[in-house]
Amino acid sequence: MKNVLIIGSTGQIGSELTMKLRGIYGGANVVAGYIPGAEPKGELLESGPSEIVDITSPQQIADAVEKYNIDTIYNLAALLSAVAEAKPQLAWKIGIGGLFNTLEVAREKKCAVFTPSSIGAFGNDTPKDKTPQDTIRNPRTMYGVTKVSGELLSDYYHTRFGVDTRSVRFPGLISYVTPPGGGTTDYAVDIYYAAAKGETFECPIAAGTFMDMMYMPDALRAAIEIMEANPDNFVHRNSFNIASMSFDPEIIYAAIRKYVPDFKMVYKVDPLRQQIADSWPNSLDDSCARREWGWKPEYDLDTMTRDMLEKLKARFGK
Ligand code: SER
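Below is a summary of the structure that appears in this document. (Residues numbered from 1 in each chain as written. Predicted model: local features only at pLDDT ≥ 70, side-chain atom pairs only at ≥ 80, totals over all residues. Heavy atoms only, no water.)

## A word on the nonpolar core
(1) Moving on: If you look at the biggest cluster of nonpolar residues, it comprises 62 residues, and the most contacted ones within it are Ile174, Tyr187, Tyr192 and Phe247.
(2) Moving on: For this core, the element with the most residues is helix α7 (residues 187-197), which contributes 9 residues.
(3) Moving on: Once residues lying within four places of it in the same chain are set aside, the contact partners of Ile174 are Ala188, Val189, Tyr192, Met213, Met214, Tyr215, Met216, Phe247, Met304 and Met308.
(4) Moving on: Ranked by size, the runner-up nonpolar core spans 31 residues in total, among them Leu17, Leu220, Cys288 and Ala289. (Core = buried A, V, L, I, M, F, W, Y, C linked by side-chain atoms within 4.5 Å. Buried < 20%, exposed > 50% of the residue type's maximum accessible area, 1.4 Å probe, protein only. Helix = DSSP H or I, 4+ residues; strand = E, 2+ residues; numbered from the N terminus. Contact = heavy atoms within 4.5 Å.)

## As for unusual backbone geometry
(1) Moving on: In this model, Asn238 is joined to Ser239 through a cis peptide bond whose omega is 20°.
(2) Moving on: Within the element layout of this structure, Ser239 appears in the loop between α8 (216-228) and β12 (240-241).
(3) Moving on: Of note, the phi angle at Asn69 is positive, near 55°, even though the residue is not glycine.
(4) Moving on: Within the secondary structure, Asn69 is located in the loop between α3 (58-68) and β4 (72-75).
(5) Moving on: With a phi angle near 60°, Lys110 is a residue other than glycine that sits in the positive phi range.
(6) Moving on: Mapped onto the secondary structure, Lys110 falls in the loop between α5 (88-109) and β5 (112-114).

## Section: the site of the ligand
(1) Moving on: All residues in the neighbourhood of the ligand are listed as Leu80, Ser81, Ser118, Tyr143, Gly183, Thr184, Thr185 and Trp280.
(2) Moving on: In this structure, Ser81 approaches the ligand through a side-chain N or O atom, which is 2.6 Å from an oxygen atom.
(3) Moving on: Isolated, the ligand exposes 240 Å² of accessible area, and the fraction of that covered by the protein chains is 95%.
(4) Moving on: Split into classes, the residues belonging to the shell around the ligand amount to 3 nonpolar, 5 polar and no charged. (Near = heavy atom within 4 Å. Polar contact = N/O pair within 3.5 Å; in protein donor to acceptor, adjacent residues only side chain to side chain. Areas by Shrake-Rupley, 256 points an atom, 1.4 Å probe, with all protein chains shown as cover. Nonpolar A, V, L, I, M, F, W, Y, C, P; charged D, E, K, R; others polar.)

Geometric descriptors of this kind do not, in isolation, establish any biological role.
Have a look at this one:
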């Protein structure tokens, strides 16, 4: 990786990944692609170049790749699971139309492409515990349909055209920087904001619903390390299970109460999000990622909880 284009640089993952990549490869070598209405601001704007790159426009992708001599594209444009159910046509247009545009440019200009997949690629018939790397993927959400299709399309571009496509299946991502919007795992971010502000948290996911989660610093490292990895050791490409922790609302609530003893949580279950969560695995088996490119998480629930609360309490002056 020398010259990197991030499509979706102001989103939940992009805003942090862009800064991290600029720290590694130099600000001038990492281009922040954004859409009008989601412009980069502050440090993100000032630390390197930015360009309007709407993933639904093949020309805008090609122009940015040409202008900056890009060799690696991080394709982070997507709608999260609950929003994708409200806007399935748009979710497909961005998730698959956009991926196709990106892969076509990558084929012509010989770029490597990273595209996140998700625990959402799995469905009701997938084994729920320690979900294997290679197993049934039959999601019934548009988010999941775009993720499975995206995995297949990315593998196709690799085997058919030799495009260097790579991907991980992200669990729910937790961070204190840019909040997610409209995902099923968002509750595990929102709960920390409520705890840090001293508010009661209304949990939209029922007790006993386990999902895989990951702290953002581990997720960023995964996205960078897989693109830096020696592909000679790859058996898989699109997409690798990665994991670090799995919990239900009661477990994260207890983890927070260790540091905020008077914190209160009540349940107000959202039927759509609950249905989606019930269709996803409880936990993933990430042994292929560990074996094929050395994946290893650093954070667990307790170390993440301490860091989240410290950072958010400082922000809210608590
Ligand atoms: N965080 C995503 C969502 O909840 C799952 O990958 O939609």
